[in-house]
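# Structure at a glance
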Amino acid sequence: MTSKEKIAVQIDDLTVAYNYKPVLWDIDLAIPEGVLMAIVGPNGAGKSTLIKSILDIIKPIAGSIQIYGKAYKTQRSLVAYVPQKGSVDWDFPTTALDVVMMGTYGSLGWIKRPGQKQKKAALEALEKVGMLAFKNRQISQLSGGQQQRIFLARALVQNASIYFMDEPFQGVDATTEKAIINILKELRKAGKTVIVVHHDLQTVPEYFDWVTFLNVKKIATGPVKDIFNDDNLTKTYGINYKVAVSQ
Amino acid sequence: MNPQEYIELVFTDYTLRTITIGTAVLGAICGMLGSFAVLRKQSLLGDAISHAALPGIAIAFLIIKTKNSSAFLLGALISGLIGTFWIRGIIKKTHLKSDTALGLILSLFFGFGMLLLTYIQKMPNANQAGLESYLFGQAATLLESDVWLMVIVTGISLIVLLLFWKELKLLLFDPDYTKTLGFNTKFLDILITSFIVVAIVLGLQTVGVVLMSAMLLAPAAAARQWTNNLAVMVILAAIFGAFSGILGTAISASQNNLSTGPVIVLVAAVFVVFSFLFSPGRGLLFREIRFRKNRNDLQLHKTLSFMYNIAKTHEDISHPHAIRILNNFQGFTRKSLQKLEDKDFVKIQGTMWSMTTKGYHAAANLYNQLLKQEDE
């Protein structure tokens, strides 16, 4: 890992509420550059909300969020987002390539249409996720794992520094999971910061080097080898958690 | 009147020509913008907006005390927009779901509109006659100026769609992602919704408050069946809408006492039914055909692989076996045997069958072939 001191995402005093019910309570979090970080916590812990607040999709009631020391609004081009697969209608009339092309829209800005350059970038991203053969496939005819890869490719096209992913392993088979984690590890190797909402506690030590425990409040954050232990798991999940932190 | 005479009449008769062009343009713009409403799952929004426009028409009449379609249009537009923003406000500010908000605004505005209409009808003023035609529309009242207005609005919305095509497509598919890329989704949302409101208001005079939403949804729903490409869908919806207008006008003009608005909507509904049944990709008919074909293919594969397992235990793969031994196996029929013989996979001689080399290889590769098809 390179220069741990550099902070990619800095969150201070973040509080988010839906209809007076707090979803995130006074979160302080500093995510160092170049980590592959899992956000873990039970259902309703505010994991997705945390990502969406950072990305300005949800308006927090309080707190500040900085990307490399500046407000998110001026740093959009540094950030890419992979939403939950279930958040869109996959029966939408479009093709795999077209969805991946959407990743180039941000750099194009208003009105300008994507051209050959953008198409080339999209095709490269499709190849990276092993979906080039499916480029002209109608998206409803893709399997769940393939749809997830398309979403990943769309984020890769953005060529960002920080990647936020909301449960990219949900409902995918073992092969796809391996393929996705390899891409994430490659991103980290290239010095990118990757933040993943994750559900499978068993794979945390294998996949990630950094972890944040979240349950409305931040329970702990740090290197997996230091803080991924029964104590923090119990604090986060409430029950006495004897997870297979076997090594 | 035969079709040729009718077409000649369209070109010579001023009123008929105005109505035909008017309903065609209206159908086109409604189909075009309706595609966006359908894909955003806002199908009911059109219904709410058109009903919400009614009190605006009545209030416009109460103010100017005379029938003036431009003033009515303005009134309808204002109350339609108010209705739309109230719906958005209710969804945003309360816990109510969107269907509740839509239903609430729809009945509230429509009820208020009907109240005003009955009040107007009791007024000692001869001008109010025909105001109720806004309920079901009256295409015959279309003037050339109305048609021009429709053409201009269609032109503007076409330009806007072309300019913001990329952004609107993104918004339809994934609004949250659109936001993260830095696009102002509120602006895009208001843009497309406003155009939908304008299209609805333009159609009220022709199709009426009650049926207007069908003009918006039917061509789009029909078009969705034929394509998996958004641009093609929007164009097809515009074409279906335009033809609904032209055919609907023709049918109602050549028969007595058939009101144009409802006939146009019925023609559009015919497009929908036809598309649901006969479109190649998503239609019920072809889906059933594909289903049966797959089932038969599978049956054939089952029989073939059963034969393969018998044949491979013999040194000579074409060693004949009794057909009767296949009877133990569920799913074999005379017909499937015949089909296998047609494909030159097996030879039938009396009560015996034998596998050909071709059949043997086909059966051996059956599993691989299936995998390959999956990958295509």
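Residues numbered from 1 in each chain as written. Chains lettered and ligands numbered in written order. Predicted model: local features only at pLDDT ≥ 70, side-chain atom pairs only at ≥ 80, totals over all residues. Heavy atoms only, no water.

Each helix and strand in chain B was counted, giving 18 helices and 3 strands. Here the C-alpha atoms of chain B give a radius of gyration of 30 Å, more than 25% beyond the 21 Å that 2.2 N^0.38 yields for 376 residues. Reported as C-alpha extents along the three principal axes, the dimensions of chain B are approximately 100 × 60 × 35 Å. Relative to all contacts within chain B whose residues are 6 or more apart in sequence, the contacts with residues 24 or more apart total 68%. When the accessible surface of chain B is summed, it comes to about 19,000 Å², and 65% of that surface belongs to carbon and sulfur atoms. Taken together, the 31 basic and 22 acidic charged side chains of chain B have centroids lying 7 Å from each other. (Helix = DSSP H or I, 4+ residues; strand = E, 2+ residues; numbered from the N terminus. Rg over C-alpha atoms; globule rule 2.2 N^0.38 Å. Contact = heavy atoms within 4.5 Å. Areas by Shrake-Rupley, 256 points an atom, 1.4 Å probe, with all protein chains shown as cover. Lys, Arg positive; Asp, Glu negative; His and termini not counted. Charge placed at Lys NZ, Arg CZ, Asp CG, Glu CD.)

So, about the domain arrangement of chain B. Here chain B is partitioned into domain 1 (3-279) and domain 2 (286-375). Spacing between the C-alpha centres of domain 1 of chain B and domain 2 of chain B amounts to 57 Å. (Domains from an automatic or database assignment.)

Right, let's get into unusual backbone geometry. Non-glycine residue A:Asn159 carries a positive phi angle of around 50°. Examined against the element boundaries, A:Asn159 turns out to sit in the loop between α5 (144-157) and β7 (162-166). Of note, B:Lys41 is a non-glycine position whose phi angle comes to about 60°, a positive value. By the secondary structure assignment, B:Lys41 is in the loop between α2 (14-39) and α3 (43-52). With relative accessibility at 58%, the residue B:Lys41 sits in the exposed group. (Buried < 20%, exposed > 50% of the residue type's maximum accessible area, 1.4 Å probe, protein only.)

A word on the pattern of salt bridges. Using the criterion set out here, one finds 16 salt bridges over all chains in the structure. B:Asp176 is the partner of A:Lys52 in a salt bridge, and the nearest nitrogen-oxygen pair spans 4.0 Å. Taken as a pair, A:Lys52 in helix α1 (residues 47-54) and B:Asp176 in helix α10 (residues 175-180) lie in two separate chains rather than in one. Looking at A:Lys52, the relative accessible area reads 23%, which means it is partly exposed. Its relative accessible area of 26% is what places B:Asp176 among the partly exposed residues. With a closest N to O distance of 3.8 Å, A:Lys120 and A:Glu124 form a salt bridge. Taken together, the residues A:Lys120 and A:Glu124, both in helix α4 (residues 116-128) and 4 residues apart, mark about one turn of the helix. Of the residues examined, A:Lys120 reaches a relative accessible area of 54% and is grouped as exposed. Salt bridges sharing partners connect three or more residues here, namely A:Asp56, A:Lys59 and A:Lys73. (Salt bridge = Lys/Arg side-chain N within 4 Å of Asp/Glu carboxyl O.)

Residue and element names in this part refer to chain B. Evaluated as defined, the whole model comprises 1 cavity of 30 Å³ or more. If you trace the largest cavity, you find it lined by Ser69, Leu73, Asp146, Leu149, Met150, Leu202 and Gln205. For the lining of the largest cavity, the secondary structure elements donating two or more residues are α5 (69-93), α8 (144-163) and α11 (185-207). The leading source of residues in the lining of the largest cavity is α8, at 3 residues. When its residues are assigned to classes, the lining of the largest cavity shows 4 nonpolar, 2 polar and 1 charged. (1 Å grid on protein atoms, 1.4 Å probe; cavity = no way out; pocket = protein on both sides within 12 Å on 5 of 7 lines; lining within 4 Å. Points joined across faces, edges and corners; volume = space filled by probe spheres on them. Nonpolar A, V, L, I, M, F, W, Y, C, P; charged D, E, K, R; others polar.)

The next point concerns helix α6 (residues 98-121) of chain B. Residues and elements named next belong to chain B. Taking 1.5 Å of rise per residue, 24 residues should cover 34 Å, and α6 covers 34 Å from first to last C-alpha, within 8% of that figure. Buried residues of α6: Ala101, Leu102, Ile105, Leu106, Phe109, Gly113, Leu116, Leu117 and Ile120, and no others. Packing partners of the buried residues in α6 comprise α3, α4 (54-64), α5 and α7 (133-136). (Expected span 1.5 Å × (residues − 1).)

Turning to the packing of helix α15 (residues 284-311) of chain B against helix α16 (residues 334-342) of chain B, a few remarks are in order. All names here are of chain B. One way to put it is that α15 packs onto α16 with a least axis distance of 10 Å and a crossing angle of 75°. Relative to α16, α15 is oriented roughly perpendicular. Two secondary-structure elements touch here, α15 through Asn296, Leu300, Thr303, Leu304 and Met307 and α16 through Ser336, Leu337, Lys339 and Leu340. Here the residues of the contact of α15 with α16 are counted per class, giving 5 nonpolar, 3 polar and 1 charged. (Axes fitted to C-alpha atoms, helices over the stretch in contact; angles between N-to-C directions. Parallel < 35°, antiparallel > 145°, perpendicular 65-115°, else oblique.)

Looking now at helix α17 (residues 357-364) of chain B. Where α17(B) is concerned, the buried positions are B:Gly359, B:Tyr360, B:Ala362 and B:Ala363. Taken end-on, α17(B) shows its buried residues confined to a sector of 165°, consistent with a single buried face. (Arc of directions from axis to C-beta.)

Another aspect to go through is the layout of surface pockets. All names here are of chain B. Roughly 1,300 Å³ of internal volume is contained in the largest pocket. Around the largest pocket, the lining is made up of 28 residues, and of these Arg40, Arg88, Ile91, Lys92 and Asp189 lie nearest the centre. The element contributing the most residues to the lining of the largest pocket is α5, with 7 residues. Considered class by class, the residues forming the lining of the largest pocket number 10 nonpolar, 8 polar and 10 charged.

Let us now look at the sheet that holds strand β1 (residues 7-18) of chain A. All names here are of chain A. Taken together, 4 strands build an open sheet; the order of strands is β2-β1-β4-β5 and the sheet is antiparallel. In the strand order of this sheet, the two ends are held by β2 (21-32) and β5 (70-71), each with one partner. Two elements, β1 and strand β4 (residues 62-67), share 5 bridges in a ladder whose sense is antiparallel. Residue pairing in the sheet places Thr15 in a bridge with Ala62 of β4. Most of the contacts of α1 go to β1, to which it runs at about 115°, and overall it touches β1, β2 and β4. (Pairing = 2+ DSSP bridges.)

Moving on, we come to the packing of aromatic side chains. Taken as a whole, this structure holds 19 aromatic pairs over all chains when the rule is applied. Considering the side-chain rings of A:Trp110 and B:Phe164, the 5.9 Å spacing of their centres and the 85° angle between planes classify their relative orientation as edge-to-face. Here B:Phe164 lies in the loop between α8 and α9 (165-173) and A:Trp110 lies in the loop between α3 (105-108) and α4, a pairing that spans two chains. On the basis of an interplanar angle of 65° and a centroid distance of 6.2 Å, the ring pair of A:Tyr207 and A:Phe208 is categorised as edge-to-face. An identical accessibility class is assigned to A:Tyr207 and A:Phe208; each is buried. Chaining the aromatic ring pairs together yields one cluster made of A:Trp90, A:Phe92, A:Phe151 and B:Phe173. It is A:Arg154 that lies over the ring of B:Tyr177; its NZ or CZ is 3.4 Å from the centre. (Phe/Tyr/Trp six-rings, centres within 6.5 Å; stacked < 30°, edge-to-face > 60°. Lys NZ or Arg CZ within 6 Å of the ring centre and 35° of its normal.)

Attention now goes to the interface of chain B and chain A. Counting residues at the interface gives 33 residues for chain B and 36 residues for chain A. Per-residue buried area on chain B facing chain A is highest for B:Lys166, B:Phe173 and B:Tyr177; these three make up 27% of the total on that side. Seen at the junction of chain B and chain A, the total is 6 salt bridges. One salt bridge in this structure joins B:Lys169 and A:Asp98, with 2.7 Å as the shortest N-O distance. Broken down by element, the side of chain B that touches chain A gets its largest block of residues, 7 residues, from α9(B). (Buried area = accessible area lost by both parts, 1.4 Å probe.)

The next subject is the confidence of the model for chain B. In this model, chain B carries an average pLDDT of 88, and 94% of its residues clear a pLDDT of 70 or more. Predicted as a complex, the structure gets a pTM of 0.86 and an ipTM equal to 0.93. (pLDDT = per-residue confidence, 0-100.)

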